[in-house]
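Spelled out from the first residue to the last, the chains are:
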Amino acid sequence: MRVLTTQANNSDDLRFLMSRSLDGDLSADESARLELALAASADLRDERQEMVAVDRLVMEWGSHPVEIDWASHRTLIEARISCDAKAETDANRVDNLLADWVARGNIGEVDLRGRVLAQIRGANRVATPLRWVIRLGLPLAAAAAITIAVLLPNMKNSPMPVSTSIVTFVHSGRADSPFASDAVTMVLFERTLPPSPVTPSGGSMELIVVGSPPTDAPLDESAPL
Amino acid sequence: MDLGQLRTSVETPSVEVQLVVRARNGDADAFGELVRIHQRRAVSVAYRLLGNTSDAADAAQDAFVRAFRSLSQLEDPARFSGWLMRIVSNLALNFRRGRATRATKSLDDEFASVESSRDVSTGLRLAGDQADGTDAARETHDAISGALEKLPDKQRLALILFSVEGLPQKEVADILECSVELVKWNVFQARQKLRELLSELL
């Protein structure tokens, strides 16, 4: 292997000219410049010889024709293209069928507004018991508290101890239930009685129902929550 | 040059344009004719990049099918040849990149008879092998194949299309989507590297 040397006049520019000279691509000026450089440098002449040899090797390498069964190769390509064309035709037919179907107006009327309103009403229906509790239960509880506040001073004067509690029942409302309402607020007054012949152990409980919502009031679905 | 040759050389581009236009309108026969015209070069370019006739035939086949599907994207029918070779080159290079991880592909039955006598190392059945299939010739061929494999894609493609396939620099520039000057530079760079890689053969 020969060691390549680089001299001042052996620049890439000159090598590029050498490469292009192999392809007959140089102008007259470029040819003259290259010939001048080659005449002055043995190394450059050697490089040119090597470049020519490389080019010859590559051309020889590529000079052998590739041989395959060309007819079969073409048949395979045409078969694939034919399949492609058929698939495209089928797709176009489907598109056309869909377009016709849409054009005939076969899509039924959809009452979207009605469906949405029905969904909203359904949501209201679920929320109604809670709404009743808030609307009636809380005022009734407040009323009960006021009642207690009024009654309690009088009860304090009573010789019997009194305990009071407020109970609110929330009920979903069955038609056959005695509590056919959504909420019942009750105030329980419990008095402890001294033992007597009638109640040897003593004690009794009084139940006062302070309030309840209307039992048969229709649900107002349109009312805001 | 006789009149017949002159007429052929003048009419060929025009005939090809007509075929492309017809194929673009869905005429499979017209595209079949385009396949017949460009088939050998497509397989040859793919082979020079892949070094294997089976892969080259597959890549060329895929390229033709892809070209048929994409014909509507070809703005100038007169540039069909360069456009097709660009598809072939890109597919072959992709094929090459993917081949490293792909299992050995069995040959299509259609090619089995042709491939039966192919060269073990490169998969190529060369016409010249019958005449000069000596060890020395085979070693030289393999050495050049190995050296070309080491070149960057653009340099290898430029050298193969220009020096081996004999395409004009302008057409190579079209295929590589670069300037003619860059084609010349890539060819020069490829030759320089081959000088180093093949120094023992020089």
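Caption draft 1: Region of the structure containing the packing of helix α1 (residues 12-22) of chain A against helix α3 (residues 42-61) of chain A. Residues and elements named next belong to chain A. At a minimum axis distance of 10 Å, the contact between α1 and α3 shows a crossing angle of 40 degrees. Considering their axes alone, α1 and α3 lie oblique with respect to each other. Crossing hand, α1 versus α3: right-handed. Contacts from L14, R15, M18, S19 and L22 in α1 reach L44, E47, R48, M51, V52 and D55 in α3. Looking at the contact of α1 with α3 residue by residue, the classes come out as 6 nonpolar, 1 polar and 4 charged.

Caption draft 2: Region of the structure containing the interface of chain B and chain A. Counting residues at the interface gives 45 residues for chain B, matched by 34 residues for chain A. Of all the secondary structure elements, the ones that give two or more residues to the side of chain B that touches chain A are α2 (28-50), α3 (53-69), α5 (109-115), α7 (135-149), α8 (153-164) and α10 (180-197) of chain B. Among the elements that take part in the side of chain B that touches chain A, α2 of chain B stands out by supplying 10 residues, more than any other. For the side of chain B that touches chain A, the class distribution of residues is 25 nonpolar, 11 polar and 9 charged.

Caption draft 3: Helix α9 (residues 169-176) of chain B, seen in detail. All names here are of chain B. Regarding α9, the residues found buried are V172, A173, I175 and L176. All buried residues of α9 lie within an arc of 160 degrees about the axis, which places them on one face of the element. Looking at the buried residues of α9, the elements they touch are α4 (80-99), α8 and α10. Looking one or two residues beyond α9, the residue adopting positive phi is E177, at roughly 55 degrees.

Caption draft 4: Quick peek at the environment of K184 of chain B. Turning to its location among the elements, K184 of chain B is positioned in helix α10. The spatial distance from the C-alpha of K184 of chain B to the C-alpha of A158 of chain B is 8.2 Å, given a sequence separation of 26 residues. Once residues lying within four places of it in the same chain are set aside, the contact partners of K184 of chain B are R20 and D25 of chain A together with Q169 of chain B.

Caption draft 5: Representation of α2 of chain B in the model. Residue and element names in this part refer to chain B. The terminal C-alpha atoms of α2 lie 28 Å apart, and with 23 residues this falls more than 12% below the ideal 33 Å at 1.5 Å per residue. At H38, α2 is bent by approximately 55 degrees, the largest bend along its length. Where α2 ends, the next residue or the one after it, G51, has phi of about 70 degrees, a positive value.

Caption draft 6: Here's a closer look at the confidence of the model for chain B. Residue and element names in this part refer to chain B. Here chain B averages 82 in pLDDT, while 77% of its residues score no lower than 70. Per-element confidence in chain B is highest for α10, whose mean pLDDT is 96, and lowest for helix α6 (residues 129-132), whose mean pLDDT is 42. With pLDDT under 50 throughout, residues 1-11 is counted as low confidence; its partners more than four residues away or in other chains account for 1 contact. In the model, residues 103-131 has pLDDT below 50 throughout and makes 45 contacts with residues more than four positions away in sequence or in other chains. Reported confidence for the predicted complex is 0.75 by ipTM and 0.58 by pTM.

Calculation criteria
- Residues numbered from 1 in each chain as written.
- Chains lettered and ligands numbered in written order.
- Predicted model: local features only at pLDDT ≥ 70, side-chain atom pairs only at ≥ 80, totals over all residues.
- Axes fitted to C-alpha atoms, helices over the stretch in contact; angles between N-to-C directions.
- Helix = DSSP H or I, 4+ residues; strand = E, 2+ residues; numbered from the N terminus.
- Parallel < 35°, antiparallel > 145°, perpendicular 65-115°, else oblique.
- Left-handed = near helix turned anticlockwise from the far one by under 90°.
- Contact = placed C-beta atoms within 7 Å.
- Nonpolar A, V, L, I, M, F, W, Y, C, P; charged D, E, K, R; others polar.
- Buried ≥ 20, exposed ≤ 12 C-beta atoms within 10 Å, placed from the backbone.
- Arc of directions from axis to C-beta.
- Expected span 1.5 Å × (residues − 1).
- Bend = angle between axes of the 7 residues up to and from the residue.
- pLDDT = per-residue confidence, 0-100.

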